[in-house]
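Coordinate inspection notes
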Amino acid sequence: MQLDEIDLQIIQLLRQDGRMTHEAISKQLGLTRPAIHKRVQKLTDSGTIQRYKAEIDWEKLGFPLYAMINLWVNASDFQALFAEIKTMCTPSLYIESSERITGQYSIVLRVRAKSTLDLTILHDKLLATNEIKETLTSMILQRETPEIPLTLSGDSAELASEKI
């Protein structure tokens, strides 16, 4: 799908507020609501926009700890390992995402926990798994998400290093 600047502006607005109405987008971009609706539908149908989701304040849910756990893995079936890792969630520990990565460590987990004890229990479970050889954990102290707008470069959309 070929994107233009208006598509990127729509995407940027929806990234900032996924609940923004087509009416509000149309006013901000100076287009009609039906034109915005058609573009959003095209972006959705093409899979460019995959879903809308809520941003969670994890501390208010009782999960004040945020950690990234890198796993040194010796596995041939990563899907089976991901499935096993999912079973390690508890009411006081939530694995927000698990991603396969390059480098010495093969998997990174983004974990929310109620206490360091919960993280310790998870580490013990991970290391009891035959495929996981080592872990490296980093506690996230502060998280910032920069608002970097999308811009067109050549035939595809890329992240810009400056705001428009």
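The structure we're discussing is the one just above.
A brief report on the enclosed structure follows. Values in this document were obtained by computation on a predicted structure and should not be read as measured data.

Side note on helix H3 (residues 33–45)
Since there are 3.6 residues in each turn of an α-helix, residues three or four apart along the chain are aligned in direction. Taking 1.5 Å of rise per residue, 13 residues should cover 18 Å, and H3 covers 18 Å from first to last C-alpha, within 8% of that figure. Listing the buried residues of H3 in full gives Ile36, Arg39, Val40 and Leu43. Down the axis of H3, the buried set is contained in an arc of 100 degrees. They therefore lie on one face. Among the exposed residues of H3, those pointing more than 90 degrees away from its buried face are Pro34, Lys38 and Asp45. On its buried face, H3 sits against helix H1 (5–16) and helix H2 (22–29). One side-chain oxygen at the N-terminal end of H3 lies 3.2 Å from the backbone nitrogen of alanine 35; it belongs to threonine 32. Remark: glycine 47 follows H3 within two positions and exhibits a positive phi of approximately 85 degrees.

Brief notes about the packing of H1 against H3
In the contact formed by H1 and H3, the axes pass within 11 Å of each other and the chain directions differ by 80 degrees. Viewed along their axes, H1 and H3 adopt a mutual orientation that is roughly perpendicular. Across from Ile6, Asp7, Ile10, Ile11 and Leu14 in H1, the residues of H3 making contact are Ile36, Arg39, Val40, Lys42 and Leu43.

Describing the packing of H1 against H2
To describe two helices that pack against each other, one gives the angle between their axes and the distance between the axes. Packing of H1 against H2 leaves a shortest axis separation of 11 Å and a crossing angle of 125 degrees. Relative to H2, the element H1 is oriented oblique. You can see that H1 and H2 cross each other, and the crossing is right-handed. Facing H1, whose interface residues are Ile6, Gln9, Ile10, Leu13 and Leu14, H2 presents Ile25, Gln28 and Leu29. Of the residues assigned to the contact of H1 with H2, the class counts are six nonpolar, two polar and no charged.

Some points on the environment of tyrosine 105
With respect to the secondary-structure elements, tyrosine 105 resides in the loop between strand E2 (93–100) and strand E3 (107–113). Of the residues examined, tyrosine 105 reaches a relative accessible area of 13% and is grouped as buried. For the pair formed by tyrosine 105 and proline 146, sequence separation is 41 residues and the distance between their alpha carbons is 26 Å. Excluding residues within four positions of it along the chain, tyrosine 105 makes contact with Asn70, Leu71, Trp72, Glu134, Thr135 and Leu136. Reaching out from tyrosine 105, the side chain makes a polar contact with the side chain of glutamate 134 at a distance of 2.8 Å.

Calculation rules
Residues numbered from 1 in each chain as written. Predicted model: local features only at pLDDT ≥ 70, side-chain atom pairs only at ≥ 80, totals over all residues. Heavy atoms only, no water. Helix = DSSP H or I, 4+ residues; strand = E, 2+ residues; numbered from the N terminus. Expected span 1.5 Å × (residues − 1). Buried < 20%, exposed > 50% of the residue type's maximum accessible area, 1.4 Å probe, protein only. Arc of directions from axis to C-beta. Contact = heavy atoms within 4.5 Å. Polar contact = N/O pair within 3.5 Å; in protein donor to acceptor, adjacent residues only side chain to side chain. Axes fitted to C-alpha atoms, helices over the stretch in contact; angles between N-to-C directions. Parallel < 35°, antiparallel > 145°, perpendicular 65-115°, else oblique. Left-handed = near helix turned anticlockwise from the far one by under 90°. Nonpolar A, V, L, I, M, F, W, Y, C, P; charged D, E, K, R; others polar.

From the geometry alone we can't say anything about function, so treat these as descriptive.
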